[in-house]
Amino acid sequence: MNPDNLTDPAHLHLGEMKKRSSDAEDSATLLDAPATCPVDDTSDPACVGSVDMLRCGGSGITSVLFLPSEYRSIRLYRAATWWKQALYSVLCVTSFGVLPLLAYYMPLLHAACTLTPLSSGVFATVVLVQRRDSTGSWEAVPVQRTPTTSADDGVNPPEQLIWFTFRKHRYMYDDSTTSFRRISATLHGVTSSDALRSRLTSGHSDEMAGALLRYFGPNALEIALLPAHHVLMEKLLHPFYLFQLTSVALWLYEAYWSYSILILAMTVGSVGYEVATQLLNTKKLHNLMHMDDVVVHVRRNHQHLCVPATALVVGGIL
């Protein structure tokens, strides 16, 4: 994309985070996906903004391409108080497991029972993201925080970059718009031949490379390895296996021993096979995307250096 074709570029101003004495006034707010910035070509609704890399430990202003959000809307939450967690635990027991089962399939119900809604992403620890599909289903995504090089002076908290990952894309919190915006790890802003020649000669400084790495994240496609008991619970909570286990319990109650034991054995074998297959395939995919052992040569501080492939940053010279 040519930045010259963009009109009215939106600028991202990442101001200092201010500590609030209390956020009790926050209420549940449904935040629409950030509006796309106006461009000449309506088929490519993206916009270019600027980020002060000094806040991330670098120097100067860097142009960043903001892409349209891949979600329909989000809701912001933080951890609930202890009494709300205790009440949810009591309700889980008194409902004989029906409430946690419903909460598993209904993220909004789970959030209402275990989380506190917010109107600002500054204190959010979890976001509920509504997908852009026909069902409009919701997905809980944890909010991450990356510390910057700003020191803690004892009065104001150290600055942090607030972001979450959805569909393998990073959404960075923007203080000026109080919303999360999807960033693209592409190079913008180097237009003159002199600036390009200087970049080719010197490369990034170590401070600038570190700032870009903190903002855009590592150069890797992370595949999470779920624990075996998490995968097992996902399989057991599937409606088909819930029906099978409920049927087995009823047949045992009616003394259909042979039929019940046969169905139970087949169900256990099927669940075990699916869990083992999923764990094995995920492990293979994780190993395939693993690049910690890959080393590349880059130009930094007027020198040729060897860095891991995961440490490559936007605008780096290979």
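Use the structure listed above.
Computed from a prediction, not measured in an experiment: that's the story for all the values here.

### Topic: a nonpolar patch on the surface
Thought 1: Taken together, the side chains of Val-98, Leu-102, Tyr-104, Tyr-105 and Met-106 define a hydrophobic patch exposed on the protein surface, amounting to about 470 Å² of accessible area.
Thought 2: Examined against the element boundaries, Tyr-104 turns out to sit in helix 2 (residues 98–105).
Thought 3: A relative accessible area of 40% places Tyr-104 in the partly exposed class.

### Some words on the packing of helix 6 (residues 228–236) against helix 8 (residues 257–289)
Thought 1: Axis separation between helix 6 and helix 8 bottoms out at 10 Å; the angle between their running directions is 135 degrees. As summarised for this structure, helix 6 and helix 8 are arranged oblique, according to the angle between their axes. Judged by the sense of rotation from one axis to the other, the crossing of helix 6 with helix 8 is right-handed. Judged by residue contacts, Ala-228, Val-231, Leu-232, Glu-234, Lys-235 and Leu-236 of helix 6 engage Val-271, Glu-274, Val-275, Gln-278 and Leu-279 from helix 8.
Thought 2: Of the residues assigned to the contact of helix 6 with helix 8, the class counts are seven nonpolar, one polar and three charged.

### Examining the pattern of salt bridges
Thought 1: Throughout the structure, instances matching the rule amount to five salt bridges.
Thought 2: For the salt bridge of Glu-139 with Arg-131, the shortest nitrogen-to-oxygen distance reads 2.9 Å.
Thought 3: Judged by its relative accessible area of 29%, Glu-139 falls in the partly exposed class.
Thought 4: When salt bridges that share partners are traced, they join Glu-70, Arg-167 and Arg-182 into one network.

Criteria and thresholds
- Residues numbered from 1 in each chain as written.
- Predicted model: local features only at pLDDT ≥ 70, side-chain atom pairs only at ≥ 80, totals over all residues.
- Heavy atoms only, no water.
- Patch = residues over 30% accessible without salt bridge, like charges linked within 9 Å, V, L, I, M, F, W, Y side chains within 5 Å.
- Areas by Shrake-Rupley, 256 points an atom, 1.4 Å probe, with all protein chains shown as cover.
- Salt bridge = Lys/Arg side-chain N within 4 Å of Asp/Glu carboxyl O.
- Helix = DSSP H or I, 4+ residues; strand = E, 2+ residues; numbered from the N terminus.
- Buried < 20%, exposed > 50% of the residue type's maximum accessible area, 1.4 Å probe, protein only.
- Axes fitted to C-alpha atoms, helices over the stretch in contact; angles between N-to-C directions.
- Parallel < 35°, antiparallel > 145°, perpendicular 65-115°, else oblique.
- Left-handed = near helix turned anticlockwise from the far one by under 90°.
- Contact = heavy atoms within 4.5 Å.
- Nonpolar A, V, L, I, M, F, W, Y, C, P; charged D, E, K, R; others polar.

Read these as geometric descriptors, not functional statements.
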